[in-house]
Amino acid sequence: MSNQALSSAGARKLANTTKTHVQQPAITPRWLTMLLQWKPLEAGVLRVNRVNSEHPVEVACAVDGEVELPATFVDYAQKPREYTLSAISTVLKVNTRVADLFSSPFDQVREQLRLTIEAVKERQEDQLVNNEDYGLLNNVSPGMRVSTRKGPPTPDDLDELIARVWKEPAFFLAHPRAIAAFGRECTRRGVPPPTVTLFGSPFLTWRGLPLVPCDKLSIAGDSPAGSGKTNILLLRVGEKKQGVVGLFQPGLPGEQSPGLSVRFMGIDQASVASYLVSLYCSAAVLTPDALGVLENVDVGNYHEYK
């Protein structure tokens, strides 16, 4: 049977297709990098000076009569820790022919750089959590580690963590499944956690502290059934509060955002352009009681209701 009118397939030859930017499921909100306070460095190194706790400052309370007051001084640690910025780098290659011929409606170089920068920033958040040197999980003092009582994260467990980081804590950091597990335990006890809106998004809270999701906190022993164990961090942030701070180098050549630079490296004999993408960052825990962790958090416990 012949068509009586132009077909859809034929009509599409003259129609423009509306396109989106490249979508990347691996991109996350990266709340940790947004909630940390960032300290610029002069030359890529931060020395954290602390008072020598073995030499307390002696003072006298008000007393009657003429009493000789104690003489004292504040001693400093002789070997303070130094944090050096770590580099996260890659070289992006773009064929100039592709960039010249296929950059409408989206500039190919811009898209390639945008997606590469997103990947670098995702790696930055991962390193802030897991880096062997400066990562938060590897810089929790022994006295600031708490284990769950029975496995699932309960209100009692988070209260115990708050009792360790009690000086102006800012937020919890947890895997989304750990937050869901905590929500189930609260619901079972009849105390569903309230929510608060930050950056236009809702967050569960406990004792007024938001539970911030971060998928960079891994789940050990993860299985199809949903079981596995992870950690929940609690942070105090900011230099003025002697908390956790992020570190970056300002004023980089080709700076795109704090600590991140993009530099053109030239075009080779194969007409391939190269761009160096570098991000310099680190993190410092200024005092031991600024960071605590709840360990052995079971995310696979569910309750059946009849």
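Here, the structure is the one placed above.
Residues numbered from 1 in each chain as written. Predicted model: local features only at pLDDT ≥ 70, side-chain atom pairs only at ≥ 80, totals over all residues. Heavy atoms only, no water.

1. A look at the sheet that holds strand β7 (residues 195-198)
Sheet architecture is open: seven strands sit in the order β5-β15-β10-β6-β9-β8-β7, paired in mixed fashion. Only two strands of the sheet have a single neighbouring strand rather than two, namely β5 (145-147) and β7. Averaged over all adjacent pairs, the angle separating strand axes in this sheet is 30°, with direction ignored. The pairing of strand β6 (residues 171-174) with strand β10 (residues 229-235) spans four bridges and is antiparallel. Its bridge partner being in β10, L173 is matched across the sheet by L233. (Pairing = 2+ DSSP bridges. Helix = DSSP H or I, 4+ residues; strand = E, 2+ residues; numbered from the N terminus. Axes fitted to C-alpha atoms, helices over the stretch in contact; angles between N-to-C directions.)

2. What about unusual backbone geometry?
Of the consecutive residues S104 and P105, the connecting peptide bond is found in the cis state with omega at 10°. Locating P105 in the fold gives a position in the loop between α3 (96-101) and α4 (108-130). For S271, which is not glycine, the phi torsion reads 60° and is therefore positive. Among the residues examined, S271 registers a relative accessible area of 35% and is labelled partly exposed. (Buried < 20%, exposed > 50% of the residue type's maximum accessible area, 1.4 Å probe, protein only.)

3. Topic: the environment of D157
Checked against the element boundaries, D157 lands in helix α5 (residues 155-164). Excluding residues that lie within four positions of it along the chain, D157 makes contacts with S147, T148, R149, P152 and L294. (Contact = heavy atoms within 4.5 Å.)

4. Comments concerning the pattern of salt bridges
All told, the structure shown has 18 salt bridges when counted by the stated rule. Two residues, E122 and R30, come together in a salt bridge whose shortest N-O distance is 2.8 Å. Taken as a pair, E122 in helix α4 and R30 in the loop between α1 (8-11) and α2 (31-35) lie far apart in primary sequence, 92 residues in all. Residue E122 is classed as buried on the basis of its relative accessible area of 10%. Bridged by salt links that share partners, the residues R30, E118, E122, E125, D215 and K216 form one connected network. (Salt bridge = Lys/Arg side-chain N within 4 Å of Asp/Glu carboxyl O.)

5. Digging into the environment of Q37
With respect to the helices, strands and loops of the structure, Q37 is situated in strand β1 (residues 37-40). Here Q37 falls in the partly exposed class, since its relative accessible area comes to 45%. Note: C-alpha distance between Q37 and L161 (124 residues apart in sequence) is 22 Å. Among all residues touching Q37, those that are not within four sequence positions of it are V237, G238, E239, V245 and G246.

6. Focus: the pairing of strand β14 (residues 272-285)
Where a strand is regular, its side chains alternate between the two sheet faces. Counting buried residues in β14 gives twelve out of 14 residues, a clear majority hidden from the surface. Pairing analysis gives ten bridges linking strand β4 (residues 86-95) to β14, with the strands arranged antiparallel. Counted as the bridge partner of I88 is L279 from β14.

7. Here we look at the nonpolar core
Counting 69 residues, the largest nonpolar core has L32, F172, L173, L233 and L235 as its most contacted members. Considering each element in turn, this core owes the most residues, eight residues, to β14. (Core = buried A, V, L, I, M, F, W, Y, C linked by side-chain atoms within 4.5 Å.)

8. Side note on the packing of aromatic side chains
Tallied over the entire structure, the rule returns four aromatic pairs. Centroid distance W31 to F199: 5.7 Å. Interplanar angle 20°. Geometry classified as stacked. A residue pair is termed long-range when its members are at least 10 positions apart, and W31 in helix α2 and F199 in the loop between β7 and β8 (201-206) qualify at 168 residues. With 5.6 Å between their ring centres and 80° between their planes, F182 and W206 make a pair best called edge-to-face. A residue pair is termed long-range when its members are at least 10 positions apart, and F182 in helix α6 (residues 176-188) and W206 in strand β8 qualify at 24 residues. One exposure class covers both F182 and W206, and it is buried. An aromatic cluster is defined as three or more aromatic residues linked by ring pairs; in this entry it consists of W31, F199 and F203. The aromatic ring of Y302 is capped on one face by R184, whose charged end is 3.8 Å from the ring centroid. (Phe/Tyr/Trp six-rings, centres within 6.5 Å; stacked < 30°, edge-to-face > 60°. Lys NZ or Arg CZ within 6 Å of the ring centre and 35° of its normal.)

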